[in-house]
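Breakdown of the fold
Spelled out from the first residue to the last, the chains are:
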Amino acid sequence: MKVISAVLLVAVFWSQEWKSTLSDSIIHIGAIFDESARKDDEVFRLAVADLNLNNEILETEKITISVEFVDGNNPFQAVQEACELMNRGILALVSSIGCMSAGSLQTLADAMHIPHLFIQRSPAGTPRSACPPTSRVPGTDDYTLMVRPPVYLNEVIMQVVSEYSWQKFVLFYDSDFDIRGIEDFLDSTSQQGMDVSLQKVESNINMMITSLFRTMRVEELHRYRDTLRRAVLFMSPATAKAFITEVVETNLVAFDCHWILINEEISDYDLQELVMKSIGRLTLVRQMFPMPQNTTQRCVKHNHRINTSLCDLKNPKAQQLEITNRYIYDTVLLLANTFHRKLEDRKWHSMASLSCIRKNSKPWQGGKSMLDTVKKFGVSGLTSFLEFTDNGTNPNIFFEILGTNYGEDRGRGVSRLATWDPVHGLNGTLTDRKLENNMRGVVLRVVTVLEEPFVMVSENVLGKPKKYQGFSIDVLDALSNYLGFKYEIYVAPDHKYGSLQPDGQWNGLMGELVFKRADVGLSALTITPERESVVDFTTRYMDYSVGVLLRKAERTVDMFACLAPFDLSLWACIAGTVLLVGILVYLLNWLNPPRLPMGSVSSTTLYNSMWFVYGSFVQQGGEVPYTTLATRMMMGVWWMFALIVISSYTANLAAFLTITRIENSIQSLQDLSKQTELPYGTVLDSAVYDQVRSKAMNPFERDPMYSQMWRMINRTGGGDNNVEESKEGIRKVKYGRFGFVWDAAVLEYVANNDEDCSFYTVSNNAPDRGYGIAMQHGSPYRDIFSQRILELQQNGDMDILKLKWWPKDSPCDLYSSVQTRQRGSALDIHSFAGVFCVLAAGVVLSCLIAMVESWWSRRKGSRVPSKETQADGPSARQAADPCSHNPSEHPLALGGQTQNQTPNTANTTAPTATHYQPPACCDIPCALIVQHSFEPTNPSELTPKMRMTTFTTSPPTPRTIRRSTWSTYTAGLTACAPRTKAPTSSSPPLPSI
């Protein structure tokens, strides 16, 4: 019974004390919080309790509070609750709501002269956006103080992006974020030429990602994946964690991505979770509060003590504090200091019950004084230092920029990279460099396709790994030696570069990279938009252009190459000229016979004239002397003509025997596209195939070359003129009529190393792309590889590697269809085959003529009496020929005499005189028988080669003999033709010749 009485006594006493406190308290603070901000109410009550218990600031005075919760999107409710609080007699109003309701409270506070300390709260923890300005009556005071500093997110993110040198990125924002808050940032990026894409993140992130995979094609999805490599996130920590988790699990980002999350409301707990869920590099921008590291200094301030559960960083409650919680706590401290100073100055104004409903209600008279006191002083608390400027804003705000390193491992360490404040700006250096020049210990798996001279097998020993060589291998070795990595290389299973299949998957080398079975792809791999949408490429290490491989026309054996210097019409003119000049020479001699020297037996027949003209034309001279002026003038001009013709023939013949011109009409890709006689093609579904097809299908392509080429390449669906691999195309060119369209660098190497030098190439001189090293999408090695490749190009090492496989002193002419002997070489039998044929034809013709002449001689000889007939005696001969033909009776007279003759002393001065004594039987004209080359001992043995000229009965004169047309003959036998009458008197002797 006594215990119950004691308890009742204590209860009565406590109730009396509480009532006296309420009745005696003159400090009453009203608070309006968002109904979702229950933690703000908790911290607010904790701060008031600390002040009432410690008595460090107000001493004996106590603070009473009135708290109301409203819908942040219902301004009417907020005004209604504020009027109720003012009716209760509050000295200040503290609100932690959104901008929409805060504007209405600001208008009410200005009207009632109640100091309003507004703590902006963003919905669902999204980044803040600046509240729109509230329309005010000119000349009135602003009774609303912005406890949270102005929004500087635009300035901070612009500084960070500029330091990272980003030019293209995507900006994600959640559905609760007011996009109007970053208008200034978007304007700044546009002025600096940055490419920024905006995308809203829906509340159901899983459904959003699923719709992306369902609506986007594979190429679009890969292109979208590439845009995610650089991103800025304006969203709450909870939304950011869910979004990062989803995109990492769906493989939309790789470990070379770099994302920036900016939000003032990022706690240490949120920070650790974000780092655990992300890959690549993560940069976080959040608001910081400079505080002493010592717990005592951090919790004990100038004239008050902060609750240990809130200022000790090791306390879980302190780690989970939101920014609005910190500002609410400091706001209560600031109001307590203000009330303390007002009480000390004895300028306290009693509370007055205000009514918002009455039209004639007056504002609080002490509102202006209370507002000025709040602005005049500041307080140290959980937000470092809280104070206000003349315009009612808090100038003290600091940001810290935290970041992780690149990597695929989760749970990486976080370090502070820089800080930012409105006065000093960025304090620190931000770089986006991925890797240092040290890859020691890294082993890369390299996939390749064999393609001369880029990648070739150099050694293939059974049981040992294959060794490779080539230009691309040399580049990879140079990178390996500099960066320190090692590599394992293998050939793509299907030996193809890879193309997009109908099912949306990539095969070949590209498929190995897409499915992450290889780290690096290396070969004669060109950089194309389709490939770059699914993998990453380094900078080009060699230019690329399309070329065509053609076979040089084979040298044909011309049996009459000796006739090549002159055209057929010219040869006909020369032959006609020889005949014409021979006839002219004969006619000139016939009209004006030349005087032959004594003893000359040459004659100027048409045959001899032709022979003489031909002999002088071929520079062999002649046997017939020409003494007349007209003939010599003709021959002089003829010799000059012959000299010019023979000299020209000799010069041209030397050129034709050393240089064989093989002309081809295809000298460019345009020539190839215009003709249809020579079929040509490329490797099916290769980069060249796609390039020709895309340009042919492009309606804006002005050059019709590609459309013409596509018609030939795609003939019958591409099956006829295309091949499966490059080696097959080269083989078709070598052993058939075919043109192979392929990489110009590969074709040049093939033509340069052909043993017969039977190839030549035609290429496009303007490269439109290049060869690059392919890597997985998002590979961290791309930039460092590109940097090293640029260094190799700048110091000339890349040119040295090129000269190893494409030397300048090529033994073959690669770019022209003209085949020349570049070094002096012996002429072969084909060059002189025609000459030997002409000689053989002359030999055969001479033998035939000799056989005909022999036959003709025998036929004529059969008509002359044989030796048996002569053996029958003189009577028989006389019966057949009454005129004796005995040489003893009719002597030869060529400077000699017969046995029955005596020399004529009267004519001893003429040693060549012939004295003729006609026989008695001859009374008809004499006959001079001329023998060719020899003198028969018997006139009966005259052959058809012997000629006879009949003269008159009068003795022939020397002129008569010289009128004979015989040449190259010697005078032979003289005799008399038989006559029928008796001999007359002695005939006169034959005059001297």
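The notes below deal with the structure included here. None of these values were measured; they are calculated from a predicted model.

Definitions and limits used
Residues numbered from 1 in each chain as written. Predicted model: local features only at pLDDT ≥ 70, side-chain atom pairs only at ≥ 80, totals over all residues. Heavy atoms only, no water. Axes fitted to C-alpha atoms, helices over the stretch in contact; angles between N-to-C directions. Helix = DSSP H or I, 4+ residues; strand = E, 2+ residues; numbered from the N terminus. Left-handed = near helix turned anticlockwise from the far one by under 90°. Contact = heavy atoms within 4.5 Å. Nonpolar A, V, L, I, M, F, W, Y, C, P; charged D, E, K, R; others polar. Phe/Tyr/Trp six-rings, centres within 6.5 Å; stacked < 30°, edge-to-face > 60°. Buried < 20%, exposed > 50% of the residue type's maximum accessible area, 1.4 Å probe, protein only. Lys NZ or Arg CZ within 6 Å of the ring centre and 35° of its normal. Disulfide = S-S within 2.5 Å. Parallel < 35°, antiparallel > 145°, perpendicular 65-115°, else oblique.

Direction vectors running N to C along helix H7 (residues 205-215) and helix H9 (residues 237-249) enclose 35°, while the axes themselves pass 10 Å from each other. In this structure, the crossing between H7 and H9 has a hand that is right-handed. Residue-level contacts link Ile205, Asn206, Met208 and Ile209 of H7 to Thr239, Ala242, Phe243, Glu246 and Val247 of H9. The residue makeup of the contact of H7 with H9, split by class, is 6 nonpolar, 2 polar and 1 charged.

Right, let's get into the packing of aromatic side chains. Centre-to-centre distance and the angle between the planes together describe a pair of aromatic rings. Taken as a whole and judged by the stated rule, the model has 25 aromatic pairs. Relative to Tyr771, the ring of Phe454 lies with its centre 4.9 Å away and its plane at 40°, an arrangement referred to as tilted. You can see Phe454 sitting in the loop between strand E16 (443-448) and strand E17 (456-459) and its partner Tyr771 sitting in strand E27 (residues 769-771), a full 317 residues away along the chain. Tyr771 carries the same exposure label as Phe454, and that label is buried. Grouped by ring-pair contacts, the aromatic residues Phe454, Phe471, Tyr541, Tyr544, Tyr771 and Trp806 constitute a single cluster. Sitting above the plane of the Phe377 ring, Arg341 keeps its charged end 3.9 Å from the centroid.

Across all of its chains, the model carries 2 disulfides by this definition. Note that Cys99 is cross-linked by a disulfide to Cys131, the S-S spacing being 1.7 Å. Since a negative S-S torsion denotes a left-handed disulfide, the Cys99-Cys131 link at about -65° is left-handed. Taken as a pair, Cys99 in helix H4 (residues 99-112) and Cys131 in the loop between strand E4 (116-118) and strand E5 (144-146) lie far apart in primary sequence, 32 residues in all. For Cys131, a relative accessible area of 26% corresponds to the partly exposed category.

With that settled, the discussion passes to the packing of helix H19 (residues 568-591) against helix H20 (residues 606-617). Where H19 meets H20, the closest approach of the two axes is 8 Å, and the angle between their N-to-C directions is 130°. One element, H19, and the other, H20, form an angle in the oblique class. With respect to the hand of their crossing, H19 and H20 are arranged in right-handed fashion. Judged by residue contacts, Ile574, Val578, Leu579, Val581, Gly582, Ile583, Val585 and Tyr586 of H19 engage Leu606, Ser609, Met610, Val613, Tyr614 and Phe617 from H20. When grouped by side-chain class, the residues that make up the contact of H19 with H20 number 12 nonpolar, 2 polar and no charged.

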